[in-house]
Amino acid sequence: MPISIKLGIAGRLFTAALACLTLAATVPTGRLFIQSTSPEVPLYVYTPIPESGLEPRNIHLSFGDNETSVVVTWSTRNDTQSQVQLMSVQPPNATEKLYNGSSTIFVDSGTKKATQYVHRVTLPDLGWGGLFKYRCGSQATGWSDWFEFRTPKRGFSPRLAMFGDMGMVNAQSLPRLMQDASAGMYDAILHVGDFAYDMQEQDGATGDQFMQMIQPIAARLPYMTCVGNHEFMYNFSHYKNRFTMPKGFGGDGESMFYSFDLGPAHIIGISTEFYFFVEYGVDQLKSQYDWLQADLERASKNRAARPWIIIMGHRPMYCSNDDGDDCTFGALFMREGFLARWYPLEPLLQKYGVDLALWAHEHTYERMWPVTRLEVRNGSWAEPYSEPRGTVHVVTGSAGCRERHDTFGSPMYYSAFRSTDYGYTRMQIFNSTHLSLEQVSDDQQGRIIDRITIVQHNHGPFP
């Protein structure tokens, strides 16, 4: 029976709660039905694929070392070649190009020691504004279905969907996200931690089925991620092995911390879990902090080209949920560092003028006023998000999982808007000065329940 682990700070307390019996004790082995609350959003039906061991499964994309490079990642049960066939649809070119990559063996640490091979193939420098179709597998053992993806147009205004805490059970927002993606609304996805609930369960079968469940989106759009607390088992091995984040600006090479450029933005993914799972070593916390400081220094010198700096991590620095010590001691660790002393993050956000911070972990949506060091720094009384003097923090953890919603405590002075509706966040980075955020409520049939535009003409350190 699944166990939900909630991590506290003092001694890292473990509390276990049995999942509601109506949510099922295990991940289904037959067909999985996911239904949105909205009648116009179709029922999504996932049927597990046959298990000969050779079929490519869990296919997903990520950005490579630049915006026009793509990495294709997938899994097989048995060892096969790692190949991708690529064809240009626009501009049309009937010639298929074959790309070769490599695979690594991943052995789950559960009792069955389930084994799979994770394949990675890089499609480098595909050019601006192209439409491509591809399939992965090998000439020797067969191919996947064909999938399509686009590379961005030069000078584009990136459009992203963002969320965290999506599970196999109660993934309520997924059908609407699929509908959005099929309509071409997004250029990429940001999944801000906590996958499947949990990927290691059933000797990794839950992770396999979750990756297959998101494949209709992830095989067509770069699916960019950061790690959450539900990935902690076996030193985050499922997360490290299943995802492939960029290495162009350094990082750890295991997708735990990294960064990439997208349009007028520099986007950074970090592991907040290094502050809490110190049994895996404190060296990784120091390594991330040193890398982050260097990455922010480099990004700050490149603001003429990429003026927006955006950071994402799982546990929030600011929130107002009544959920254990998440929004008290947990947020303190994120702002002031491990044991409120070592490797604090908020001074870096202030020093380098990080414009936007994206978090999850709380199963709600919450938008803060611009804030630095617990002080609200609105641009003005009338237009708080025009020329803000602090980072705008957003918590977007309401995609849907077996733990259902979290609840809010008393409103905090830095909280501007909050909702317990299931949903997800949309972001568009229009240009060097304007960025918009919208919160989509799946409970209210896709209604936009929150919307702001951040205007910043003077990107740089906050006073």
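Residues numbered from 1 in each chain as written. Predicted model: local features only at pLDDT ≥ 70, side-chain atom pairs only at ≥ 80, totals over all residues. Heavy atoms only, no water.

(A) A nonpolar patch on the surface, seen in detail. Together, Leu374, Met412 and Tyr413 make up an exposed nonpolar region whose accessible area comes to about 280 Å². The topology assignment puts tyrosine 413 in the loop between β26 (392-396) and β27 (415-419). (Patch = residues over 30% accessible without salt bridge, like charges linked within 9 Å, V, L, I, M, F, W, Y side chains within 5 Å. Areas by Shrake-Rupley, 256 points an atom, 1.4 Å probe, with all protein chains shown as cover. Salt bridge = Lys/Arg side-chain N within 4 Å of Asp/Glu carboxyl O. Helix = DSSP H or I, 4+ residues; strand = E, 2+ residues; numbered from the N terminus.)

(B) Quick peek at the packing of aromatic side chains. Evaluation of the coordinates by the stated rule reveals 23 aromatic pairs. With a centroid separation of 5.8 Å and 25 degrees between ring planes, the pair formed by phenylalanine 276 and phenylalanine 333 is classed as stacked. Taken as a pair, phenylalanine 276 in the loop between β20 (265-269) and α4 (283-300) and phenylalanine 333 in helix α5 (residues 326-336) lie far apart in primary sequence, 57 residues in all. For phenylalanine 276, a relative accessible area of 6% corresponds to the buried category. Judged by its relative accessible area of 7%, phenylalanine 333 is buried. Judged by centre distance (5.9 Å) and plane angle (80 degrees), the rings of phenylalanine 333 and phenylalanine 338 are edge-to-face. We classify phenylalanine 338 as buried; its relative accessible area is 17%. (Phe/Tyr/Trp six-rings, centres within 6.5 Å; stacked < 30°, edge-to-face > 60°. Buried < 20%, exposed > 50% of the residue type's maximum accessible area, 1.4 Å probe, protein only.)

(C) Representation of the packing of helix α1 (residues 174-182) against helix α2 (residues 205-218) within the structure. In the contact formed by α1 and α2, the axes pass within 9 Å of each other and the chain directions differ by 25 degrees. Here α1 is positioned roughly parallel relative to α2, judged by the angle of their axes. From α1, Leu174, Leu177, Met178 and Ala181 reach across to α2, where they touch Met213, Pro216 and Ile217. The residue inventory of the contact of α1 with α2, partitioned by class, reads 7 nonpolar, no polar and no charged. (Axes fitted to C-alpha atoms, helices over the stretch in contact; angles between N-to-C directions. Parallel < 35°, antiparallel > 145°, perpendicular 65-115°, else oblique. Contact = heavy atoms within 4.5 Å. Nonpolar A, V, L, I, M, F, W, Y, C, P; charged D, E, K, R; others polar.)

(D) Fine view of the sheet that holds strand β23 (residues 365-368). Ordered by their spatial adjacency, 7 strands build an open sheet running β19-β20-β21-β22-β26-β23-β27, and the pairing between neighbours is mixed. Both outer strands of the open sheet, β19 (258-262) and β27, are each paired with one neighbouring strand and no more. Geometrically, the sheet is characterised by an average inter-axis angle of 15 degrees between neighbouring strands, direction not taken into account. As judged from the 4 bridges shared by β23 and β27, these two strands associate in the antiparallel manner. When the bridges of β27 are listed, glutamate 366 appears paired with arginine 418. (Pairing = 2+ DSSP bridges.)

(E) Local environment of the pattern of salt bridges. Considering all chains together, one arrives at 19 salt bridges under this definition. Where arginine 176 meets aspartate 442, a salt bridge forms, and the shortest distance between an N and an O atom there is 2.7 Å. Of this pair, arginine 176 sits in helix α1 while aspartate 442 sits in the loop between β29 (434-441) and β30 (447-455), placing them 266 residues apart in sequence. The class for aspartate 442 is buried, based on a relative accessible area of 0%. Note that glutamate 273 and arginine 315 form a salt bridge whose closest N and O atoms lie 2.8 Å from each other.

(F) Here's a closer look at the sheet that holds β29. Ordered in space as β18-β16-β14-β28-β29-β30, the 6 strands form an open sheet in which the pairing is mixed. Lying at the two open borders of the sheet, with one neighbouring strand each, are β18 (223-226) and β30. Going across the sheet, the axis of each strand differs from the next one's by a mean of 20 degrees, ignoring polarity. Here 4 bridges tie strand β16 (residues 188-192) to β18, and the two strands are oriented parallel to one another. Following the sheet pairing, valine 192 is matched in β18 by cysteine 226.

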